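Results of the structural survey
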Amino acid sequence: MGVERAYNFSPGPATLPVEVLEEARDNMLSLAGSGVGICEISHRSKEFSAIIEQAEADLRKLLRMTDDYSVMFLQGGATLQFSAVPMNLLGQGQTADYIVTGGWSKKALAEAKKVGECHVAATTEAEKFKRIPRPDDIKLSKSPAYVHFTSNNTLYGTQWQDEPQTGGAPLVCDASSDILCRPLNVGRYGMIYAGAQKNLGPAGVTLVIIRNALLERSQDSLPIYLNYRKMVEGKSLYNTPPVFAVYIVGLVAKWLIRNGGLDQMYKRNRDKAALLYDALDASPFFRPHADKESRSLMNITWRLPSEELEAQFVEQAAAHNMRNLKGHRSIGGLRASIYNAFPREGVEALVSFMRDFAAKHG
Ligand SMILES: *Cc1c(COP(=O)(O)O)cnc(C)c1O
C-alpha cells in the first residue's frame, strides 16, 4: 500500500495507468479466481481466448475498425515490422516509397532496402527533422507498392497532423508512439503497426492492423512467423503469443473506453501538451525543437542554453520525482514523453519546476 510513484516521462517503455497495474497485480497470482496467474495460463485456455478476443474487440471499437481489417498481436517489436512490411508487401520489380521524418523512419527504410527497391518520397533530415513534410514536398514514385510513414517521431517530437496523400497506393504507418492518442480514420490506411511499449502496454507485443486485401501479397516462401496471411489465419495463435503483454493491452483498451475513448483522450492530450508548450513559448530560455505546426502531442523536445544546464535540469527534476527527461542522444536536450496514461498533474509539476529553473538560471 501507499507505493510512491514517480512522474515517469520515459519515451518507452512508458508509464501505464495505475488502475491497470493494480488489476494486473491482483491477477498475477490468480486470474479471476482461477487459482492460476496470468503468466501461468495456457495461450489455448478458455481464459486467454476470452482475453485476446476481448482485447481485439475493444481495439476495434476504439478505432471504429471495419471487418475488412484484421488485427494481429505479434512479437519482435516495431523493428521486426520494418522487415516484415517489405517482405510481405513489396513484390518483385516494385518500388516502396518512404517518407523519412526521423530516426525510426530511417531505420524502417534501411531494412526495406535489404528487401527491395525503395524511393525516398520526402525527407526533412536537412532541417534536423524539426518538421513534417508539406504536401508539395512529397514526390512519390510512379506506382509504389505502398507508402510508408512514421506518424509520430518519438526522438524529435514531431507528429503528422494529417495523413500524407498516396495517389491510391496503400498507406503503411509506424504508429508506435502515438497510436490511440486521438481518433484515427483506419479506412485511410493499408496497414498500421505499433510496438506496445509507448502508448498501449508493456514491451513484448506489437499491434498490427492490416487491410485484408493486402494479405494476398504474402508469399508462401516467407518465414512462417513473418507471413501476415498465416498469422491472421492463425488469429495470432500460430505459436505462443506474448500472453501477459496482450493481457495488459486489453486492460489499457478497457481503461480507454471507460475514460471516454479516443475523442476524450485527444482532448486530454491536447490540454496536457498545451500546458507544456505554453511554458516553453513563454521564455526564450527554452528552445523548442519542433516547428509549431509539426509539434507532437506525445513527445515534447527542447533545449536549454547549454548542455551543463540541461544536465542540471535532468538531475534536479529527478530530485523532484520527475524521471527520464533526458533527450535522445541523436538530438540531445530534453524530452518529456506524455502519452495517454501520463497524468496532467505530472505536466503541471514539470511546468512549475521549469518556471523556477528558468528564473534561477535564465
Ligand atoms: C520505439 C519506436 C520503435 C521501435 O520499437 P521496438 O518495439 O523497440 O522495435 C519504432 N518506431 C517508433 C516510432 C518508435 O517510437
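Coordinates for the structure precede this section.
This section reports on the structure supplied with the text.

Rules of the game
Position numbers for residues count from 1 along each chain, tracking the sequence in the order it is written. Note on the predicted model: pLDDT of at least 70 is required for a residue's local features to be given, and 80 or more for side-chain atom pairs to be given and counted; whole-chain, interface and lining totals, by contrast, use all residues. Hydrogens and water are ignored here; the side-chain numbers use all heavy atoms of the structure. By definition, two strands form a pair when at least two bridges between them are found by DSSP. Here a strand is any run of E in DSSP of at least two residues, a helix any run of H or I of at least four, and the numbering for each starts at the N terminus. In what follows, a contact means two residues having at least one pair of non-hydrogen atoms within 4.5 Å. Interaxial angle, 0 to 180 degrees, is taken between N-to-C directions of lines fitted to C-alpha atoms, where a helix line uses only the stretch in contact. Relative accessibility under 20% of the residue-type maximum defines a buried residue, over 50% an exposed one, and the middle range a partly exposed one, all with a 1.4 Å probe and only protein chains included. In this description, a nonpolar core means a group of buried Ala, Val, Leu, Ile, Met, Phe, Trp, Tyr and Cys residues linked to one another through side-chain atoms lying within 4.5 Å.

Taken together, three strands build an open sheet; the order of strands is 11-12-14 and the sheet is antiparallel. Of all the strands in the sheet, just strand 11 (287-288) and strand 14 (334-337) have a single pairing partner and so form its edges. Bridge count for strand 11 against strand 12 (residues 299-303) is two bridges, and the pairing is antiparallel. Paired with P288 across the strands is W302, a residue of strand 12. Contacts between helix 7 (residues 261-281) and the sheet are confined to strand 11, strand 12 and strand 14, with strand 12 contributing the most and set at about 10 degrees to the helix.

The next subject is the pairing of strand 9 (residues 191-195). Among the five residues that make up strand 9, five are buried, leaving the element largely enclosed by the rest of the structure. With burial as the criterion, each face of strand 9 is covered, one bearing M191, Y193 and G195 and the other bearing I192 and A194. Alignment of strand 8 (residues 171-174) against strand 9, held across three bridges, turns out to be parallel. Paired with D174 across the two strands is Y193, which belongs to strand 9. Bridge analysis of strand 9 against strand 10 (residues 206-211) gives five bridges, and the strand direction is antiparallel. By the bridge assignment for strand 10, Y193 is matched with V208.

Pairing within the open sheet is mixed, and its seven strands lie in the order 2-10-9-8-5-3-4. Each having just a single partner strand, strand 2 (69-74) and strand 4 (117-123) make up the two edges of the open sheet. Direction aside, neighbouring strands of the sheet carry axes that sit 20 degrees apart on average. With six bridges connecting them, strand 2 and strand 10 associate as antiparallel partners. From the neighbouring strand, Y69 faces strand 10, where its bridge partner is R211. This element, helix 2 (residues 46-62), spans strand 2 and strand 10 of the sheet and lies at about 130 degrees to strand 2.

A general feature of soluble globular proteins is that nonpolar side chains tend to end up buried together. Ranked by size, the top nonpolar core spans 54 residues in total, and within it F73, L180 and I209 carry the most contacts. Per element, the largest residue contribution to this core is 11 residues, and it comes from helix 6 (residues 243-258). Apart from the residues within four sequence positions on either side, F73 is in contact with I52, A55, E56, L59, V205, T206, L207, S236, V246 and V249.

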